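Secondary and tertiary structure notes
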Amino acid sequence: MRELAFREALREALREEMKRDDSVFLLGEDIAEYGSSYKVPQGLWQEFGHERVRNTLLGEAAIAGAALGAALVGMHR
């Protein structure tokens, strides 16, 4: 059994789902170029681009609104 850090396992799972389903995307604060402070989505922006890995405003209400709107049109977050 291989050993992975928790963040690496999360990144691997995100990458696998994003490859499998084009409607899966990521929203979050500083997750694109910077890769977030915990570095979980690091590298996904380069692989999937700005359309699928998006930075949001610094506000949970904006993120929740964007996620709700996306879910209403069939996207997955």
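Presented here is an overview of the structure given in this document. Since the structure is predicted, the reported quantities are computational estimates derived from the model, not experimental observations. (Residues numbered from 1 in each chain as written. Predicted model: local features only at pLDDT ≥ 70, side-chain atom pairs only at ≥ 80, totals over all residues. Heavy atoms only, no water.)

Notes on the pattern of salt bridges
Counting across every chain of the model gives six salt bridges. One salt bridge connects Arg15 with Glu47, and the closest N-O pair in it is separated by 2.6 Å. Of this pair, Arg15 sits in helix H1 (residues 6-20) while Glu47 sits in helix H2 (residues 44-48), and the two are 32 residues apart along the sequence. Close ionic contact of Glu17 with Arg20 constitutes a salt bridge, the shortest N to O distance being 2.6 Å. Of this pair, Glu17 and Arg20 both sit in helix H1, three residues apart, roughly one helical turn. Overall, the relative accessible area of 30% leaves Glu17 in the partly exposed class. (Salt bridge = Lys/Arg side-chain N within 4 Å of Asp/Glu carboxyl O. Helix = DSSP H or I, 4+ residues; strand = E, 2+ residues; numbered from the N terminus. Buried < 20%, exposed > 50% of the residue type's maximum accessible area, 1.4 Å probe, protein only.)

Focus: the layout of surface pockets
Of the volumes computed, that of the largest pocket is approximately 190 Å³. If you go around the largest pocket, you meet ten residues; those closest to its centre are Leu27, Gly28, Ile31, Ser36 and Pro41. For the lining of the largest pocket, a count of residues per class yields six nonpolar, two polar and two charged. (1 Å grid on protein atoms, 1.4 Å probe; cavity = no way out; pocket = protein on both sides within 12 Å on 5 of 7 lines; lining within 4 Å. Points joined across faces, edges and corners; volume = space filled by probe spheres on them. Nonpolar A, V, L, I, M, F, W, Y, C, P; charged D, E, K, R; others polar.)

A short note on the side chain of Ser23
Here Ser23 is to be found in the loop between H1 and strand S1 (26-28). In this structure Ser23 comes out as buried when scored by relative accessible area, which is 15%. Looking at Ser23, its side chain comes within polar contact range of the side chain of Asp21, at 2.8 Å. Aside from chain neighbours lying at most four places away, what touches Ser23 is Gly74, Met75 and His76. (Polar contact = N/O pair within 3.5 Å; in protein donor to acceptor, adjacent residues only side chain to side chain. Contact = heavy atoms within 4.5 Å.)

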